[in-house]
Amino acid sequence: MANNERAFQLNVEQRDALRLEAQSLSPEDWEKFKQLAAECSAAMLSVYGEYIEDTLTSEEMAEKFVVMTPETYSNFWKNWDDSKIQIISSSNEGYFRYSKNLGDFVGGYVPDVWSHVDKGCRERLIAERGDEVSARDYVQNTTLRYCLVHEMIHVYQDQDIPLWLMECAAHYGARKVMKVQDWDLFDYDKHRKMANFYLHLVNKYGNDVHRLCFGQEVGETKKQQILAEFTDSFREKIMPGYGTRTRNDK
Ligand SMILES: [Zn+2]
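What comes next concerns the included structure. (Residues numbered from 1 in each chain as written. Predicted model: local features only at pLDDT ≥ 70, side-chain atom pairs only at ≥ 80, totals over all residues. Heavy atoms only, no water.)

Digging into the coordination of the zinc ion
Around a metal, the perfect tetrahedron of four donors has angles of 109.5 degrees, and the perfect octahedron of six donors has angles of 90 or 180 degrees. Selection rule: For Na, K and Ca the donor cut-off is 3.2 Å, and for all other metals it is 2.8 Å, counting N, O and S atoms only; because water is absent from this set, sites may look incomplete. Counting from the N terminus, the helices are the DSSP runs of H or I reaching at least four residues and the strands are the DSSP runs of E reaching at least two.
For the zinc ion, the full set of protein donor atoms is H150 (NE2), H154 (NE2), E167 (OE) and E167 (OE), and the range of their distances to it is 2.0 to 2.6 Å. Each donor residue of the zinc ion belongs to the same chain, and together they define the spacing H-x3-H-x12-E. Here H150 pairs with H154, and both are found in helix α6 (residues 132-156), just four residues apart, close to one helical turn.

Structural data, given as structure tokens:
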């Protein structure tokens, strides 16, 4: 069955019920989260709005998120996944996931990335921010922005493009928005590789790559040329193990 045929939309009441069950934030923190998400949504649309037909308001976008703990997150997806959604990759961290199949919302948590920041940078941040707690908070907050922008890009993507393109586009887009906004970046090497591969596509095919990702018409020939760029050797280099995951694992 085609992906789209299984899609359904959660209405606001259903999403609120889901949030009541799965979200792990105090009302105050939820308000803060929504503000940040609204900021990220506006920043994202300032870069990609021209490629997107029906944009959500910042409030509508923020409401799509259900913030979980790592435990709730893992239980939640285990219980909600159907047999068609296989998560085989052992390296899947999946902080946030956008799911159209399961009702058009984003569920997840912010990973603790402090230990992945290199030592020199950690020391610099501690010196700049005054102490380690503030430096860690800063890194978490910045990572949250990256995750939010990444997932918001998924919300608007054409659900029928291959997963590798969705992911490369979302990592590239998150980096781009973070840079435009001057929001700093604490990302992983593997994410950088995916973003760089997408940049390679944009350098070669121009804005048609963005159009393809957001479901705009680029013509079949151009589409096939772009998709053919993901050769075996690129796959091995930037997404080893790719092919064991489905489009819902993102
Ligand atoms: Zn993703």
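What to know about the packing of aromatic side chains
As a reminder, the rule being used: The pairing test for Phe, Tyr and Trp rings, Trp by its six-membered ring, is centres within 6.5 Å, and the orientation test on the planes gives stacked under 30 degrees, edge-to-face over 60, and tilted for anything in between. The criterion is that NZ of a Lys, or CZ of an Arg, lies within 6 Å of the ring centre and within 35 degrees of the ring normal, and then a charge sits over that ring.
Taken as a whole and assessed by the stated rule, the structure comprises 13 aromatic pairs. Seen from their ring centres, F197 and F234 are 4.5 Å apart, and the 50° between their planes marks the pair as tilted. On the criterion of sequence distance, the pair formed by F197 in helix α8 (residues 189-205) and F234 in helix α11 (residues 232-238) is long-range, its members being 37 residues apart. Among the aromatic residues, ring-to-ring pairing joins W30, F33, F65 and F96 into one connected group. For R129, the ring lying beneath its charged end belongs to Y138, and the centroid distance is 3.7 Å. Just above the ring of F234 sits the side chain of K237; from NZ or CZ to the centre is 5.0 Å.

A few points about helix α2 (residues 27-48)
The following threshold applies: Expected helix span is given by 1.5 Å per residue-to-residue step, counting one fewer step than there are residues. Here the term buried applies to any residue with accessible area under 20% of the maximum for its type, exposed to any over 50%, and partly exposed to those in between, with areas from a 1.4 Å probe on protein chains only. The contact definition used throughout considers only heavy atoms, calling two residues in contact when any of these lie within 4.5 Å.
With 22 residues, α2 extends 31 Å from end C-alpha to end C-alpha; this agrees with the ideal 32 Å at 1.5 Å per step. By the burial criterion, the buried members of α2 are W30, F33, K34, L36, A37, A38, C40, S41, A43, M44, V47 and Y48. Check the buried side of α2 and you find it contacts α1 (12-22), α3 (58-63), β1 (65-67), α6, α7 (163-181) and α9 (208-213).

Scope: geometric values only; no functional claims are made or implied.
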